[in-house]
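Topology and contacts: notes
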Amino acid sequence: MFTSWCVNRPDSSEAGYCIFEKATGFLMGPVTLYGCALPHHVADLAVMIGPGYVDRESGTRAAKRLCGYGFKNWDCFAFS
């Protein structure tokens with residue numbers, strides 16, 4: 001289910017990634033960024049982390065990287 005959300009469409013305002021635990025390869029959850037469009041240049045950010053991975057800063061790191069991607073590649077000004 002989550003892998004369908006983790007699709008990147010270079011010609012659109014959608015980017016999604018799945019976060020995996022490095023040691024086990026287990027899926028921790030998806031992080032997606034979507035909807036950056038004119039006139040406001042604001043995108044929506046969604047991070048869903050499984051209960052066993054909360055408070056490990058994995059979601060925070062993934063969100064920071066994806067926001068950086070949005071600022072750099074889509075000319076977004078803000079995220080909601």
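Residues numbered from 1 in each chain as written. Predicted model: local features only at pLDDT ≥ 70, side-chain atom pairs only at ≥ 80, totals over all residues. Heavy atoms only, no water.

**Remarks on the nonpolar core**
Within the largest apolar cluster, 11 residues are counted, these being Ala15, Ile19, Met28, Val31, Leu33, Cys36, Ala43, Tyr53, Ala62, Leu66 and Trp74. Put simply, the parts of the chain that give this core at least two residues each are strand E1 (14-20), strand E2 (27-37) and helix H1 (58-74). Broken down by element, this core gets its largest block of residues, 4 residues, from E2. (Core = buried A, V, L, I, M, F, W, Y, C linked by side-chain atoms within 4.5 Å. Buried < 20%, exposed > 50% of the residue type's maximum accessible area, 1.4 Å probe, protein only. Helix = DSSP H or I, 4+ residues; strand = E, 2+ residues; numbered from the N terminus.)

**Re the packing of aromatic side chains**
With the rule as written, the count across this model stands at 1 aromatic pair. With 6.0 Å between their ring centres and 25° between their planes, Phe26 and Tyr53 make a pair best called stacked. Linking Phe26 in the loop between E1 and E2 with Tyr53 in the loop between strand E3 (42-47) and H1, this pair joins segments that are 27 residues apart in sequence. (Phe/Tyr/Trp six-rings, centres within 6.5 Å; stacked < 30°, edge-to-face > 60°.)

**As for the layout of surface pockets**
Estimated volume of the largest pocket: approximately 320 Å³. Taken together, 14 residues make up the lining of the largest pocket; nearest its centre are Ile19, Ser58, Arg61, Ala62 and Arg65. The greatest single-element share of the lining of the largest pocket, amounting to 6 residues, is contributed by H1. A per-class count over the lining of the largest pocket returns 9 nonpolar, 1 polar and 4 charged. (1 Å grid on protein atoms, 1.4 Å probe; cavity = no way out; pocket = protein on both sides within 12 Å on 5 of 7 lines; lining within 4 Å. Points joined across faces, edges and corners; volume = space filled by probe spheres on them. Nonpolar A, V, L, I, M, F, W, Y, C, P; charged D, E, K, R; others polar.)

**Let's talk about H1**
Taking 1.5 Å per residue as the helical rise, H1 with its 17 residues ought to reach 24 Å, and the 24 Å between its terminal C-alpha atoms agrees with that figure. Buried within H1 are the following residues: Ser58, Gly59, Ala62, Ala63, Leu66, Cys67, Gly70 and Trp74. What you see down the axis of H1 is that its buried residues fit within an arc of 155°, all on one side. Residues of H1 that are exposed and point more than 90 degrees away from the buried face comprise Lys64, Arg65 and Lys72. (Expected span 1.5 Å × (residues − 1). Arc of directions from axis to C-beta.)

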